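Coordinate analysis (summary)
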Amino acid sequence: GQQLNQSPQSMFIQEGEDVSMNCTSSSIFNTWLWYKQDPGEGPVLLIALYKAGELTSNGRLTAQFGITRKDSFLNISASIPSDVGIYFCAGRSSGSARQLTFGSGTQLTVLP
Amino acid sequence: ETGVTQTPRHLVMGMTNKKSLKCEQHLGHNAMYWYKQSAKKPLELMFVYSLEERVENNSVPSRFSPECPNSSHLFLHLHTLQPEDSALYLCASSQDEGSYGYTFGSGTRLTVV
């Protein structure tokens, strides 16, 4: 099946810094999604991308659907303590799979 | 209650026990999912139900048995589990099977001893 490579696996940053993480796939995707999972909770959808080249923002979060349709990036600007959590990319390929494929997550720690 | 509710939040069970996980959604969604989340691994899709019919079973061992009695409820029946089955089990729902907007529950943290 499809696989997503998400990096980095973990990040430690200072409060106020910007953060960038990305996902790549071996096949073309027609949808990219970014989720955040707080400790002890389920993932919550942050941003959905539907077209190659699309750049979408949600507050301090910005995500892009790569032109090759095989990657996506998530940027967080001016990080704050509540940004702590695990960020997952997810997507659906242009093949026959109907369900989402998830990345392995990026654990973000924000230091005061 | 709104969203997706999972009970119990935590469960410790012996390898010879039988237990069930429950998921309930009040969103009017037609598709429901069971995922397994282990540390540092991608979410693993276990089962998919669409309009109460199982449409996908991703080679899950028979010691996991799902049940969807109606479109609002989903169960995962567990029996004779192994320690490696310890994980966070997440339920999700979406409007339809092809919808992208999955809503997740908070999960059940399962420990098999």
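Residues numbered from 1 in each chain as written. Chains lettered and ligands numbered in written order. Predicted model: local features only at pLDDT ≥ 70, side-chain atom pairs only at ≥ 80, totals over all residues. Heavy atoms only, no water.

With respect to the interface of chain A and chain B
The figure often quoted for interface size is the accessible area lost as the parts come together. Spelled out, the test is: The contact rule is simple, with two residues in contact once any of their heavy atoms fall within 4.5 Å. Accessible-area loss on putting two parts together, using a 1.4 Å probe and summing over both, is the definition of buried area adopted here. The rule for a salt bridge is simple: a side-chain nitrogen of Lys or Arg has to be within 4 Å of a carboxyl oxygen of Asp or Glu. Working definition: helices are DSSP H or I runs of at least four residues, strands are E runs of at least two. Numbering for both runs from the N terminus.
Counting residues at the interface gives 19 residues for chain A, matched by 22 residues for chain B. Summed over both sides, the interface of chain A with chain B buries roughly 1,700 Å², with 51% coming from carbon and sulfur. For the pair chain A and chain B, the number of links is zero salt bridges. Listed by contribution, the elements that provide at least two residues to the side of chain A that touches chain B are β4 (29-37) and β9 (85-93) of chain A. With five residues, β4 of chain A is the single largest residue contributor to the side of chain A that touches chain B.

Looking at the sheet that holds strand β6 (residues 55-58) of chain A
Residues and elements named next belong to chain A. The condition is simple: A pair of strands counts as paired when DSSP detects no fewer than two bridges linking them. In this analysis an axis means a line fitted to C-alpha atoms, helices contributing only their contacting stretch, and an angle means the value between N-to-C directions, from 0 to 180 degrees.
Taken in spatial order, the five strands line up as β1-β3-β8-β7-β6 in an open sheet, and their pairing is antiparallel. Each edge of the open sheet carries a strand with a single partner, namely β1 (4-7) and β6. Averaged over all neighbouring strand pairs, the angle between strand axes comes to 15 degrees, with direction disregarded. By the bridge criterion, six bridges tie strand β3 (residues 19-25) to strand β8 (residues 71-76) in an arrangement that is antiparallel. Bridging from a neighbouring strand, Ser 20 pairs with Asn 75 of β8.

Concerning the pattern of salt bridges
All names here are of chain B. Going by this rule: Think of it in three bands: residues with accessible area under 20% of the maximum for their type are buried, residues over 50% are exposed, and the middle band is partly exposed, with areas taken using a 1.4 Å probe on protein chains only.
Under the criterion given, the structure shown has five salt bridges over all chains. Ionic pairing is found between Glu 24 and Lys 22, a salt bridge with its closest N-O pair at 3.9 Å. A salt bridge links Asp 85 to Arg 63; its shortest N-O distance comes to 2.7 Å. Of the two residues, Asp 85 sits in the loop between β8 (73-79) and β9 (87-94) while Arg 63 sits in the loop between β6 (53-57) and β7 (64-70), which places them 22 residues apart along the sequence. Asp 85 sits in the buried class, given a relative accessible area of 3%.

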